[in-house]
Amino acid sequence: MSKQIVAILLSAILALAAAACAEVRESGGGGGAQGEGGGKQGPVELAVVPKAVGFDFWEQVRIGAQCAADKSEGQVDISWDGVTAETDVSGQVDLLTNFITQGVDGLVYAATDAKVLYDVTKNAKDNGVTVVNVDSGTKPQPEDVPVFATDNVAAARKVPDLLAKELGKEGGEVAFIPFQQGTLTNEQREQGFKEGLKDHPELKLVAEQSSQSQYNTALTVTENILTANPNLDAIFAANEPGVLGAAEAVRQAGKAGDITIVGWDGNPKEVEAVRDGLVSTLVVQNPFKMGYDGVNAAVEIIREGKTVQGGDTGVTFVNKANVDDPEVESVLDPTCEDPPL
Amino acid sequence: MISNVLTSITQRLPDAVRDRLYDAVSQLAAGGALLVIILFLSIVSPDFLTADNLFNVGSQVAYTAVMAIGVTLVIITAGIDLSVGSVAALSGVLGVMMMGNLGLPVPLGILGGTLVGAGAGLVNGLLVSVAGLNPFIATLGMLTVARGLSYIVTDAVAVFGAPDSFRLLGQGVLAGGIPIPVLIIILVALAGYVVLNRTRLGRYAYAIGSNLEAARLSGIPVRRYLTSVYVISGALAGFGGMIAASRVASGQPNFGIGLELDVIAAVVIGGASLFGGQGTILGTLIGAFLIALIRNGSVLLDVNTYYQQIIIGVVIWLAVYWDQFRRKRLAAETE
C-alpha cells in the first residue's frame, strides 16, 4: 500500500510540474521580435522576462520596462513574456533560450534560480546577446551583467528597528512568517531580519512558521501561533500572502492594534490593512525602477558598448502617516506619467 | 484474550458483518492514534486543550474533512480523486467572482462554487465510466486542467469583492459558541453516513469497489453510479473550496496545491482501502482530525514546516501498515 502512496505522491508532483509549465505570452512595445543580429541600427530589441507573469510585483516591472521603451520614442522594442510559476525554472530556461535563438539584442530578466540561470546568461553572452538582471541575479554574477534589485538583507535588517520603535523599551515576543524556505529572497530577508534582531535583545523570537506563500496557510499558522503565544506582541511576515494571512488571523482573534505587524510588499489589500491600522508598516520595493533601469542599462550597453553598474533600487517604509504622500503613492501605484524614480 | 474472543465471535459471522468488523478495527487504530496525540499535546502544550484552540482546529479542518468525505466514496469504489485541491481552488475563485463581479447573493455564490465542483466531478465521472480512463489518469488530468482554469479566470491574481456576510461560512459562530465550519463537518458527515449506509448509491459503491465484474453481472448500473460518486466528490471539493475561500474572504487561485495528498491521507489513515470496498465516514473524519492536530501541534511546539511533512508521511505509513497487519491477523483467525 505504501508503494501506491509513493506513486500517488510522485504523480502529483509530476502533475504540478506540468501545470506550472504552461506559459502565457504577451507582447509589448512595437512589432514581433524577429531577429536581426546587429542591433546598433534600428530599434533595439529586448526581451523582458520576469520570474513569473500574473503577479502585481512583476506587472509593475513590466510597466517600468514599457515606460523606458515608450520614452525612447521607437528606438526600443520590448517583448514581455514569462512562465506562470516562479518555481518553473526549466520553463524559464527554455523561454530565454528561445529568445536567444530568435536573435534579440538583449535580455532583461529575473533569474528564478541563481545557479541554473548562470548557464543561460553565459549562453546569451556567447551569442552576443546583452544581459541585464532585475530583482534576482545569478551565481556567479558576471562582471559585465548589472543587477538592479532590492538589497533584501539591508532592508530586512531594518525591520527589528521598526518593531523596537513600536514596542518601546520593554520589547516583547515576536513571530516570524517566512514564505518559501530555500529561495534566495526568502533567505536574504530571513538573514537580514535575524541579524537585525541581534541589536535588539529586548525582542524575543518565539515562533517561526512558513506560509508557503499561501494565504490560507498563513492564516492557519498565525492562528496557531497566537494560540501558542497568548502574549505575542509583534509579527514580521516576509511576503504578501503571509502579511494578509497574519493580518486576517489577528483581526479574527480580536487582537487588531494589540499586535504590531510589519510586512513585506505593497499590494492594495495590504495597503488597506495599513489604513485600517491592522498592519503597522509595509516594506515596499520598487519593481517599476527595476524594469525601467534594467531596460535603460541594456540599451546603453548595446548602443554605446560600455559597462554599466547595477544598484539597489531601494525600499519605502509605508505606514499610516505617510500612505497618502505623493511619493509613496507613486511607489504603490506606479505609472509612466508619475514614475517612482 | 481479546483476540480469542474476537476469533470466536468472528468465526460465526457472515462475510458482510465481518467486513464491518474490519472497518471498526481500523477505526480503533486511527482513533487510538488520535487519542494518543490529543493526550500528548495536552501534556506538552498548555495551550492545546483550550476552547479557543479546539474551535480553531475545528475550523481549520473543515474544508479538508468535507473534501475527504467525498473522496471516501470514490476510494470505496476502488477509484481515486486527485483533482480535489485544484477543483476547490477553481470553485473558490469562481464562487467569489459570482458574488463580487456578478453580484449574486451569498447563498447562490456558495451554491455556484459547489456546482462548479460538481461539473468538474461530472467530467471526471464520465471520463472514468464512459471513456473508460483509469481514475488515476482521469483525475490527474483534471488536477492540471482545473488549476490552469483557475489561473486563467483570475490572471493568477487573488479575487476579492464578496459581501462581508460570506465570511460566516468559514468564520461564523452560532449562538452557543459552535463554529459554523464545525457544524458543517457534522452535517456533511451525517449526510455521507446516510448515503453510504442507507441508500442504494452507498451499497452499490461498496459492491463496485469489492468486485466490479460481480457488480456489473448482478445488474447494478455501474456507469451511472460510478459517475454519481465522482460528481459528489467534485461537489464536496467545490464546497470545501468555498469554505476555504470564506476563511480568507477571497478566492485564491493557488489554494490547495498538494491538498489532495492531505485529503487522500485522511481517507487512508481512516482505514479505507485503495483496493476498494472498504472505508467509513467516521474513519475519514478521524484521519482528517489526526492530520490537522499534527499540524496544529507542530505550530504550538514550534516545529519546522519540513519536519511536519515528514511526521505526516510517517503517520500514513504507520496507519496503513498497522491496518494491514490487523486485517491479516483477523483474516487468519477467522479462516
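Parameters at a glance
- Residues numbered from 1 in each chain as written.
- Chains lettered and ligands numbered in written order.
- Predicted model: local features only at pLDDT ≥ 70, side-chain atom pairs only at ≥ 80, totals over all residues.
- Domains from an automatic or database assignment.
- Nonpolar A, V, L, I, M, F, W, Y, C, P; charged D, E, K, R; others polar.
- Pairing = 2+ DSSP bridges.
- Helix = DSSP H or I, 4+ residues; strand = E, 2+ residues; numbered from the N terminus.
- Axes fitted to C-alpha atoms, helices over the stretch in contact; angles between N-to-C directions.
- Core = buried A, V, L, I, M, F, W, Y, C linked by C-beta atoms within 7 Å.
- Buried ≥ 20, exposed ≤ 12 C-beta atoms within 10 Å, placed from the backbone.
- Contact = placed C-beta atoms within 7 Å.
- Right-handed = clockwise from strand over helix to strand, strands pointing away.

Observations concerning the domain arrangement of chain A
Under the domain assignment used here, chain A contains domain 1 (20-150 + 287-313) and domain 2 (153-285). Among the residues making up the side of domain 1 of chain A that touches domain 2 of chain A, the classes are represented as three nonpolar, three polar and one charged.

Focus on the sheet that holds strand 13 (residues 315-319) of chain A
All names here are of chain A. Taken in spatial order, the six strands of this open sheet run 8-7-9-10-11-13, and their pairing is mixed. Whereas interior strands pair on both sides, the edge strands pair on one side only; in this sheet they are strand 8 (203-208) and strand 13. Adjacent strand axes in the sheet meet at a mean angle of 20°, parallel and antiparallel pairs treated alike. Note: strand 7 (residues 172-177) against strand 9 (residues 232-237), five bridges, orientation parallel. Directly across from Glu-173, in strand 9, lies its bridge partner Leu-232.

Observations concerning the nonpolar core
Counting 152 residues, the largest nonpolar core has Phe-236, Ala-246 and Ile-261 of chain A together with Val-66, Met-67 and Ala-88 of chain B as its most contacted members. No other element matches the 15 residues that helix 11 (residues 222-248) of chain B contributes to this core. Setting aside residues up to four positions removed in sequence, Val-66 of chain B forms contacts with Ile-184, Ile-185, Val-188, Leu-236, Phe-239, Gly-240 and Ile-243 of chain B. In this structure, Phe-55, Ala-111, Phe-148 and Met-290 of chain A belong to the second largest nonpolar core, which totals 48 residues.

What to know about unusual backbone geometry
Residue and element names in this part refer to chain A. The peptide bond linking Lys-139 to Pro-140 adopts the cis configuration, its omega dihedral lying at -5°. Within the element layout of this structure, Pro-140 appears in the loop between strand 5 (130-134) and strand 6 (147-149). Backbone geometry places Glu-73, a non-glycine residue, at a positive phi of 55°. Along the chain, Glu-73 falls in the loop between helix 2 (56-71) and strand 3 (76-83). Residue class for Glu-73 comes out exposed when judged on the 8 C-beta atoms lying within 10 Å of it. Phi at Ser-213 is positive, roughly 60°, even though this residue is not glycine.

A short note on the pairing of strand 3 of chain A
With eight of its eight residues buried, strand 3 of chain A lies for the most part within the structure. Between the parallel elements strand 2 (residues 44-49) of chain A and strand 3 of chain A, the chain passes through helix 2 of chain A in a crossover that is right-handed.

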